[in-house]
Amino acid sequence: MKFKDWLSEWLEYYVKPRAKYRTYTNYKHQIDKHIAVKLGDYEIEDLSALELQKFVVNLSEAGLSTNTVNGIINILKNSLHLAVSVGKATKQFSDLIQRPKVREKPVESFRKQEQKQIETYIKEKNIPKLYGIILCLYTGLRIGELLSLKWSDIDLQKRIINISKTCRDSWINKEYVKVIDTTKTETSERIVVFPKQLLPILKVMKQNNKSGYVVDGNTKYGAEVRSYQRTFERILKKLGIEHKGFHSLRHTFATRALECGMDVKTLSVTLGHKNPTITLKRYAHSMIEHRADMMNKIGKLLD
């Protein structure tokens with residue numbers, strides 16, 4: 001059986017019924033663009049360890065990111081393991097693939113002065129929709145988590161936010177639809193306790209809210225993901241702040257939390273990380289300003 005034919009069956013009957021729609025479409029994209037093009041015409045039995053390794057190395061040399069290459073390797077492993085299990089092949093060599101070395105991308109967060117500029121601008125504008133940016137700065141929410149929030153997910157008295165879903169933009173029959181999906185991972189489903197200082201802001205956001213979503217918008221589905229990202233980009237440009245993605249708000253929250261002395265376990269749970277090691281590895285090196293302040297305090301001993 002040709003590998004491309006098995007991949008089609010695997011996607012349709014084993015991935016599609018169980019995986020998130022986003023996962024299914026990502027798998028299909030990687031198969032159509034990379035795997036089927038280079039390996040599709042091979043018989044499954046002829047996919048040797050060397051052929052698989054050559055394919056993976058070529059992907060890296062072509063400039064694909066480490067995460068993308070690892071995702072493609074996971075597709076190879078999962079599909080080939082199952083091929084053997086269901087009798088479509090008698091052997092497979094995907095376990096011999098050597099993965100590229102993972103290099104953690106530097107975390108981009110806003111400096112304290114830049115954060116204050118953003119907050120001041122939004123407060124002066126006093127547009128309820130924009131307050132979602134401040135909400136992310138003080139809770140670490142991802143943009144999909146923020147824009148899928150409904151008021152029923154927030155308890156203002158107990159000061160808690162129930163994170164149980166995310167969202168993405170989609171256009172069906174030329175009409176915008178906000179697609180609600182489960183959270184990024186199981187640990188992303190969580191309860192976030194927010195600081196009391198956010199209460200006045202949330203109350204402003206709730207006034208005259210029409211959509212039922214915490215971040216209101218021009219549609220019944222609340223704010224659109226890409227539109228909200230562009231709004232944030234325009235704010236940075238107006239303030240003369242170097243461009244950073246919306247996700248940098250989450251990184252900024254984590255950095256400030258560590259600087260304020262929040263323990264790593266609490267931060268990890270708040271962010272929805274699998275374990276505190278991930279949190280510490282990702283953010284401990286991002287506290288440049290804090291580390292400089294600490295070193296300056298030590299330096300005062302020289303005075």
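Residues numbered from 1 in each chain as written. Predicted model: local features only at pLDDT ≥ 70, side-chain atom pairs only at ≥ 80, totals over all residues. Heavy atoms only, no water.

Caption draft 1: Highlighting the nonpolar core. In terms of nonpolar packing, the biggest core is built from 39 residues, with I133, L146, L147, Y228 and F246 touching the most fellow members. Of all the secondary structure elements, the ones that give two or more residues to this core are α5 (112–125), α6 (131–137), α7 (143–147), β2 (160–163), α8 (199–206) and α9 (225–239). Top element by residues in this core is α6. It accounts for six residues. Excluding its chain neighbours within four sequence positions, the residues that come into contact with Y228 are K129, L130, G132, I133, I143, L146, L147, V215, A223 and F246. Ranked by size, the runner-up nonpolar core spans 26 residues in total, among them Y24, I75, L76 and I97. (Core = buried A, V, L, I, M, F, W, Y, C linked by side-chain atoms within 4.5 Å. Buried < 20%, exposed > 50% of the residue type's maximum accessible area, 1.4 Å probe, protein only. Helix = DSSP H or I, 4+ residues; strand = E, 2+ residues; numbered from the N terminus. Contact = heavy atoms within 4.5 Å.)

Caption draft 2: Spatial organisation of the layout of surface pockets. The volume enclosed by the second largest pocket comes to roughly 270 Å³. Around the second largest pocket, the lining comprises 15 residues; the ones closest to its centre are Y138, P195, F253, A257 and M262. Of all the secondary-structure elements, those providing two or more residues to the lining of the second largest pocket are β5 (190–193), α10 (248–259) and α11 (264–271). Broken down by element, the lining of the second largest pocket gets its largest block of residues, three residues, from α10. Its residues placed into classes, the lining of the second largest pocket shows ten nonpolar, four polar and one charged. (1 Å grid on protein atoms, 1.4 Å probe; cavity = no way out; pocket = protein on both sides within 12 Å on 5 of 7 lines; lining within 4 Å. Points joined across faces, edges and corners; volume = space filled by probe spheres on them. Nonpolar A, V, L, I, M, F, W, Y, C, P; charged D, E, K, R; others polar.)

Caption draft 3: Region of the structure containing the pairing of β2. Of the two faces of β2, only the one carrying I161 and I163 is buried; I160 and N162 on the other face are not. With two bridges connecting them, strand β1 (residues 154–155) and β2 associate as antiparallel partners. If you follow D155 over to β2, its bridge partner there is I160. If you look at the hairpin formed by β1 and β2, you'll find four residues sitting between the two strands, and R159 has a positive phi there, around 60°. Where β2 and β5 come together, four bridges link them in antiparallel fashion. (Pairing = 2+ DSSP bridges.)

Caption draft 4: Structural view of the side chain of R142. Looking at the element boundaries, R142 is found in the loop between α6 and α7. Once residues lying within four places of it in the same chain are set aside, the contact partners of R142 are K184, S188, R190, H247, R250 and L271.

Caption draft 5: A look at the environment of K28. Here K28 lies in helix α2 (residues 21–39). Residues K28 and L11, 17 residues apart in the sequence, show an inter-C-alpha distance of 7.3 Å.

Caption draft 6: Spotlight on the pairing of strand β3 (residues 166–172). Counted residue by residue, β3 has five buried out of seven residues, so it is predominantly covered. In this sheet, strand β4 (residues 175–181) lies alongside β3 in antiparallel orientation, the contact comprising seven bridges. Directly across from S170, in β4, lies its bridge partner V177. What sits between the antiparallel neighbours β3 and β4 is a turn of two residues, in which N173 has the positive phi angle 55°.

Caption draft 7: Unusual backbone geometry, seen in detail. Positive phi is not limited to glycine here, since N126 has a value of about 55°. For N126, a relative accessible area of 44% corresponds to the partly exposed category.

Caption draft 8: Just the pattern of salt bridges, in detail. Per the stated rule, a full pass over the model turns up 13 salt bridges. We note a salt bridge from R142 to E145, for which the minimum N-O separation is 2.7 Å. With a shortest N-O distance of 3.5 Å, E233 and R226 are connected by a salt bridge. Through salt bridges with shared partners, a single network forms among R142, E145 and R190. (Salt bridge = Lys/Arg side-chain N within 4 Å of Asp/Glu carboxyl O.)

Caption draft 9: Region of the structure containing the packing of aromatic side chains. On inspection of all chains with the given rule, the structure shows five aromatic pairs. Considering the side-chain rings of W6 and Y14, the 6.1 Å spacing of their centres and the 50° angle between planes classify their relative orientation as tilted. Take W6: its relative accessible area is 1%, and that puts it in the buried class. Summarising the aromatic geometry, the rings of W10 and Y27 are spaced 5.7 Å apart at their centres and angled 10° between planes, so their arrangement reads as stacked. Of this pair, W10 sits in helix α1 (residues 3–15) while Y27 sits in helix α2; the two residues are 17 residues apart in sequence, bridging distant segments of the chain. Under the relative-accessibility criterion, Y27 is labelled buried at 18%. Pairwise contacts between aromatic rings join F110, Y228, F232 and F246 into one cluster. A cation over a ring is seen here: K150 above Y213, with NZ or CZ 5.0 Å from the ring centre. (Phe/Tyr/Trp six-rings, centres within 6.5 Å; stacked < 30°, edge-to-face > 60°. Lys NZ or Arg CZ within 6 Å of the ring centre and 35° of its normal.)

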